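# Report on the structure
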Amino acid sequence: MQRLTPTEEQIRSQFVTSLMEYFKIEEDINLRAHVADMVRTIHPSSYREFFRRLSSRAMPYKSGFEKIALIASEFETEALTPIEREAQERAGALYTLMYDLRRDVALIRDSEKSALERFEQIRFTSIKRQGDDKALLDETDINVVKTLTKRWIYDYVALDRGLFEARVIHEYRNEIVARERSKNDTLAAPIKAKLLRSAKRS
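The rules behind the values
Residues numbered from 1 in each chain as written. Predicted model: local features only at pLDDT ≥ 70, side-chain atom pairs only at ≥ 80, totals over all residues. Heavy atoms only, no water. Helix = DSSP H or I, 4+ residues; strand = E, 2+ residues; numbered from the N terminus. Buried < 20%, exposed > 50% of the residue type's maximum accessible area, 1.4 Å probe, protein only. Contact = heavy atoms within 4.5 Å. Phe/Tyr/Trp six-rings, centres within 6.5 Å; stacked < 30°, edge-to-face > 60°. Lys NZ or Arg CZ within 6 Å of the ring centre and 35° of its normal. 1 Å grid on protein atoms, 1.4 Å probe; cavity = no way out; pocket = protein on both sides within 12 Å on 5 of 7 lines; lining within 4 Å. Points joined across faces, edges and corners; volume = space filled by probe spheres on them. Polar contact = N/O pair within 3.5 Å; in protein donor to acceptor, adjacent residues only side chain to side chain. Core = buried A, V, L, I, M, F, W, Y, C linked by side-chain atoms within 4.5 Å. Salt bridge = Lys/Arg side-chain N within 4 Å of Asp/Glu carboxyl O.

## Thoughts on the overall build of the protein
Scanning the protein from N- to C-terminus turns up 9 helices and 0 strands. Its helices and strands taken in sequence order, the protein reads α-α-α-α-α-α-α-α-α from the N to the C terminus. A buried classification covers 31% of the 202 residues belonging to the protein. Long-range contacts, defined as pairs at least 24 residues apart, comprise 60% of the intrachain contacts of the protein with a sequence gap of at least 6.

Below, the structure written as C-alpha cells:
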C-alpha cells in the first residue's frame, strides 16, 4: 500500500497542533488561528529548530503565546535581507526620536506658535546625542525625513505606530537601494572609464 506524503498545508497544521499541545493551549478555532498567524512565515524546514529554541530557552513569566511570538520574531528577523533589516532598524529608531520630539514640543507653552510650527522649525541635521559631536541622523535618515515631510511625521507619529512604521520602512528601503546603487556606480565609474579608453585605443 502506497504511503501518501503529507502536503505542506497538512505539515503546517500539524505544527500548529504540536505547539498547542506543547503549551496546553485549548483547542479552539480562534486560538488555533492566532497560533497559525504567529508562525505563518516559518518554513516547514525550520520547525525542528523552532522547537529546539523553545525547549532550550529559559523564558520565565512568559505565556505560551508570548514564547511562540518571541521565537517566531527571531526567525522573521533572520530571514530579512540586509536592506530590509537596516530599514526596519532605522524606522524603529526614527519613530522613537520623532515621538519624543513631538511630545516635547507639545509640552512647550507658546502662544505665538503652534506645536506643529515648533516641530517644523527643528533642524534635524543638528540633533546630537548628549556628549557626542556626531549628528544623530545621517544623510539616509534626512533624505527619508524630506520625503515624508515634517508635517506628515508630526501628524502620524502619535496616531498609529504600525501605519507610521510601514510607510517609513518603505521609504527607507527606497533610499537604501538608491544609496547602494549610487555607491556601486561610483565604484564602477573608473572601471567603465578604463574600458572606454582601452576601446578607443584599439
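## A short note on the packing of aromatic side chains
Inspection of the entire model under this criterion finds 12 aromatic pairs. Look at W152 and Y156: their rings are 4.8 Å apart centre to centre, the planes differ by 20°, and that puts the pair in the stacked class. Taken as a pair, W152 and Y156 lie in helix 8 (residues 150–157) at a separation of 4 residues, close to a single helical turn. Residue W152 is classed as buried on the basis of its relative accessible area, which comes to 14%. Aromatic rings pair up to connect F15, Y22, F23, Y47, F50, F51 and F75 into one cluster. In this structure, R53 packs its charged tip against the face of F75, placed 4.3 Å from the ring centre. Here the basic side chain of R102 rests over the ring of Y154, its NZ or CZ set 4.0 Å away from the ring centre.

## Description of the layout of surface pockets
Of the voids in this model, the largest pocket is the one considered here, and its volume is about 270 Å³. Contributing to the lining of the largest pocket are R90, A93, L94, L97, R129, D132, K134, A135, L136, L137, D138 and D141. The dominant element in the lining of the largest pocket, judged by the number of residues it contributes, is helix 5 (residues 82–107), at 4 residues.

## Notes on the side chain of E171
With respect to the element layout, E171 can be found in helix 9 (residues 161–201). Those residues in contact with E171 that lie beyond four places of it in its chain are V144, T147 and L148.

## Focus on the side chain of R32
Mapped onto the elements of the fold, R32 is located in helix 2 (residues 29–38). Side chain to side chain, R32 and E27 meet in a polar contact 2.9 Å long. The residues contacting R32, other than those within four sequence positions of it, are S13, V16, T17, M20 and E27.

## Details of the environment of R53
Residue position: R53 is located in helix 3 (residues 47–56). In sequence terms R53 and K67 are 14 residues apart; their C-alpha atoms lie 10.0 Å from each other. Those residues in contact with R53 that sit more than four places away from it in its chain are I71, E74, F75 and E78.

## As for the nonpolar core
Of all hydrophobic cores here, the largest spans 28 residues; its most connected members are M98, F119, F124 and V168. Elements with a minimum of two residues in this core: helix 5, helix 6 (115–120), helix 7 (139–148), helix 8 and helix 9. With 8 residues, the top contributor of residues to this core is helix 5. Apart from the residues within four sequence positions on either side, F124 is in contact with M98, L101, F119, L137, I142, V145 and K150. Core analysis: the next-biggest nonpolar cluster, separate from the first, contains 18 residues, I42, Y47, L54 and F75 among them.

## Description of the pattern of salt bridges
For the coordinates displayed, the defined rule picks out 19 salt bridges. D37 is paired through a salt bridge with R40; the nearest N and O atoms lie 3.7 Å apart. The exposure class assigned to D37 is partly exposed, which follows from its relative accessible area of 43%. Measuring nitrogen to oxygen at the nearest pair gives 2.8 Å for the salt bridge that ties E49 to R52. Of this pair, E49 and R52 both sit in helix 3, 3 residues apart, which is roughly one turn of the helix. The exposure class of R52 is partly exposed, given its relative accessible area of 45%. Connected through shared salt-bridge partners, E86, R90, D138, D141, R179, E180 and K183 make up one network.

Worth remembering: the numbers are spatial, not functional.
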